[in-house]
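The residues making up each chain are set out below.
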Protein chains: 2
Amino acid sequence: MPIDTPAGADPREIPDATVSRLPEYLHALHTLGEAGQTTVSSEGLAVAAGVNSAKLRKDLSHLGSYGVRGVGYDIAVLTIQISEVLGLRQHRAVALVGVGHLGQALAGYGGFANRGFGIAALFDIAEDRVGTELDGLPIRHLDELPEVIATERISIAVIATPPLAAQRVADSLVNAGVTSILNFAPCVLDVPSNVDVRKVDLAVELQILSFHEHRKSRNGKVGT
Amino acid sequence: MPIDTPAGADPREIPDATVSRLPEYLHALHTLGEAGQTTVSSEGLAVAAGVNSAKLRKDLSHLGSYGVRGVGYDIAVLTIQISEVLGLRQHRAVALVGVGHLGQALAGYGGFANRGFGIAALFDIAEDRVGTELDGLPIRHLDELPEVIATERISIAVIATPPLAAQRVADSLVNAGVTSILNFAPCVLDVPSNVDVRKVDLAVELQILSFHEHRKSRNGKVGT
DNA sequence: CCCTGTGAAATTATTCACAGCA
DNA sequence: TGCTGTGAATAATTTCACAGGG
């Protein structure tokens, strides 16, 4: 008989599509809470998060029942539940590799520190960057990566290097014990199956928009 | 009788999931072409793009048959076909609003110009930025947006402003005629249904990784 | 009554497995 | 024989619609 936890808090049972929306719900809850609300209906939260309410209720049902029929969800309670599921109730140290334009933007991005993450270490290889500081944090040489990752107990890293360096950096991170990587370099990373990689490619996003633009102008011509 | 184009090139018939992978295929084709290959099998291209070959073949089947049985795909031909479907065979001018850290990183991001996009205009409201130049392009005040968007025939824009300004910027862009927006501000944009919005939230990506980290440490404990 | 939680239905996406062409 | 293109099978996701608790 396989493991079958009926209570909703088992992270293994939450669908990927739901996980990818939980951060949005958390953000929406934060916004609503700051506006002074203490409870919110599925419809209200759905609008704030930009999804429809049936989907939101289905998503939340995977983490258990924290709503009250006829009333809605307690914002404080639901915030804690989602944070718990996402593993955000413990501080997570993040390493950032590649302190170019994008890396500097990421290091300064307020959203990280505000939402349970702290950039704990910066790495680069450029002579003129190594040894300097960014926001009070020293930029170290890539050679120091294994030691620092171990000392600071870092398990999440962001790669913002040129694509040619990315695989070598990923290998080094994996060897040092990192098990989750956010990759901004436009290339496919080869990592062991126990390592999670998420990729963000800015040009890909624009190309998807381009497709929709193209489709719109096509349809426009059809109607003429 | 509804429109029913049997030939595979109708953009309306291509599933979203496929569209989101086409840019990856294009990139992989480019890499393989630079390495000197002229043809590639579905398996070879799939590995280069980081997907499995059945999915790749199914995706390509939506754009028509451009492979040769027993041989594979001609890299040059397939590159043109995918570019055509994505609407990349015509140059697309892009406006960038918000020239902070992230905006500067985006403006300097090589991937845009290399892949058929050109940043055609920069906007901001900060007194000390407006009037200066970035990579030879003047940073204009947001007030000039409607005029410039119209003159330059820009239909795609990138929002890299703080979240509080984003909705106002989006309204202004939509009024000026922009129909596709790439939003880096962590907020939900309200736009007419004919406008496509894609959102990239850096903190959301990290939170999804956090979930996976959390799950891994949970599972580790279960085994102990 | 209002609003959640959830089975069931519908839709979309992925994977399998193989017919058929070069 | 090798590899594409694709129906059929499977799996995942979204949406519907409503029972039932507060």
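See the structure above.
Residues numbered from 1 in each chain as written. Chains lettered and ligands numbered in written order. Predicted model: local features only at pLDDT ≥ 70, side-chain atom pairs only at ≥ 80, totals over all residues. Heavy atoms only, no water.

A. A look at the interface of chain B and chain A. Between chain B and chain A, the contact holds 66 residues from the first and 66 residues from the second. Carbon and sulfur atoms make up 64% of the area that chain B and chain A hide from each other, which totals about 6200 Å². On the chain B side of the contact with chain A, B:L206, B:Q207 and B:F211 bury the most area, a combined 12% of that side's loss. Our enumeration of links across chain B and chain A arrives at eight salt bridges. In this structure, B:K199 engages A:E24 in a salt bridge whose closest nitrogen and oxygen atoms are separated by 3.0 Å. Among the elements that line the side of chain B that touches chain A, the one with the most residues is helix α9 (residues 202-223) of chain B, at 18 residues. A breakdown of the residues in the side of chain B that touches chain A according to their chemical character gives 35 nonpolar, 16 polar and 15 charged. (Contact = heavy atoms within 4.5 Å. Buried area = accessible area lost by both parts, 1.4 Å probe. Salt bridge = Lys/Arg side-chain N within 4 Å of Asp/Glu carboxyl O. Helix = DSSP H or I, 4+ residues; strand = E, 2+ residues; numbered from the N terminus. Nonpolar A, V, L, I, M, F, W, Y, C, P; charged D, E, K, R; others polar.)

B. Geometry of the protein's contact with DNA strand C. Around DNA strand C lies a shell of 22 residues, among which A:S42, A:R57, A:Y73, B:R21 and B:N52 are the nearest. Of all atoms in DNA strand C that approach within 4 Å of the protein, 63% are sugar or phosphate atoms. Within the backbone of A:Y66, a nitrogen or oxygen atom sits 3.4 Å from a phosphate oxygen of DNA strand C. Mapped onto the surface near DNA strand C, the elements with two or more residues apiece are α3 (53-61), β2 (67-68) and β3 (72-74) of chain A together with α1 (16-34) and α3 (53-61) of chain B. Of the residues that constitute the surface near DNA strand C, the class distribution is six nonpolar, eight polar and eight charged. (Near = heavy atom within 4 Å. Polar contact = N/O pair within 3.5 Å; in protein donor to acceptor, adjacent residues only side chain to side chain.)

C. Expanded view of the protein's contact with DNA strand D. Around DNA strand D there are 23 residues in total, and A:R21, A:N52, B:S42, B:R57 and B:Y73 lie nearest to it. Of all atoms in DNA strand D that approach within 4 Å of the protein, 63% are sugar or phosphate atoms. Within the side chain of B:R57, one N or O atom sits 2.9 Å away from a base nitrogen of DNA strand D. Interatomic distance of 3.5 Å between a side-chain N/O atom of B:K58 and a base nitrogen of DNA strand D. Counting residues per element, the ones that place at least two in the surface near DNA strand D are α1 (16-34) and α3 of chain A together with α3, β2 (67-68) and β3 (72-74) of chain B. Considered class by class, the residues forming the surface near DNA strand D number six nonpolar, nine polar and eight charged.

D. Fine view of the layout of surface pockets. Empty space within the largest pocket amounts to approximately 1600 Å³. Residue lining of the largest pocket: 43 residues in total, with A:R198, A:E205, B:R198, B:K199 and B:E205 positioned closest to the centre. Elements that contribute at least two residues to the lining of the largest pocket include exactly α1, β10 (196-199) and α9 (202-223) of chain A together with α1, β10 (196-199) and α9 of chain B. Among the elements that line the lining of the largest pocket, the one with the most residues is α1(A), at five residues. By residue class, the composition of the lining of the largest pocket is 21 nonpolar, six polar and 16 charged. (1 Å grid on protein atoms, 1.4 Å probe; cavity = no way out; pocket = protein on both sides within 12 Å on 5 of 7 lines; lining within 4 Å. Points joined across faces, edges and corners; volume = space filled by probe spheres on them.)

E. Summary view of the relation of the copies chain B and chain A. If you rotate chain B by 180° and push it 0.0 Å along the axis, it lands on chain A with an RMSD of 0.0 Å. When the rotation and shift are considered jointly, the pair of chain copies conforms to a two-fold rotation axis. Looking at the interface residues of chain B, 100% of them are also at the interface in chain A, so both copies use one shared face. (Least-squares fit on C-alpha atoms with pLDDT ≥ 70 in both.)

F. Main features of the packing of helix α2 (residues 42-49) of chain B against α3(B). Residues and elements named next belong to chain B. As a packed pair, α2 and α3 sit with axes 8 Å apart at the nearest point and diverge in direction by 105°. On the basis of the axis angle, α2 is roughly perpendicular to α3. Contact with α2, carried on its side by S42, E43, L45 and A46, involves S53, L56 and R57 of α3 and no other residues of that element. Grouping the amino acids of the contact of α2 with α3 by side-chain chemistry returns three nonpolar, two polar and two charged. (Axes fitted to C-alpha atoms, helices over the stretch in contact; angles between N-to-C directions. Parallel < 35°, antiparallel > 145°, perpendicular 65-115°, else oblique.)

G. Just the packing of α1(B) against α2(B), in detail. All names here are of chain B. The N-to-C vectors of α1 and α2 enclose an angle of 105°; their axes lie 9 Å apart at closest approach. Relative to α2, the element α1 lies roughly perpendicular. Contacts from E24, Y25, A28, L29 and L32 of α1 reach α2 at L45, A48 and A49. Per-class residue counts for the contact of α1 with α2 are seven nonpolar, no polar and one charged.

H. The arrangement of the pattern of salt bridges in detail. A complete count under the given rule lists 18 salt bridges over all chains for this structure. For B:D59, the salt bridge is made with B:R21, and the minimal N-O distance between the two is 2.7 Å. You can see B:D59 sitting in helix α3 and its partner B:R21 sitting in helix α1, a full 38 residues away along the chain. With a shortest N-O distance of 3.5 Å, B:E213 and B:K216 are connected by a salt bridge. Of this pair, B:E213 and B:K216 are both found in helix α9, three residues apart, which corresponds to roughly one turn of the helix. By relative accessible area, which is 22% here, B:K216 ends up partly exposed. The network of salt bridges with common partners includes A:E84, A:R89 and B:R218. (Buried < 20%, exposed > 50% of the residue type's maximum accessible area, 1.4 Å probe, protein only.)

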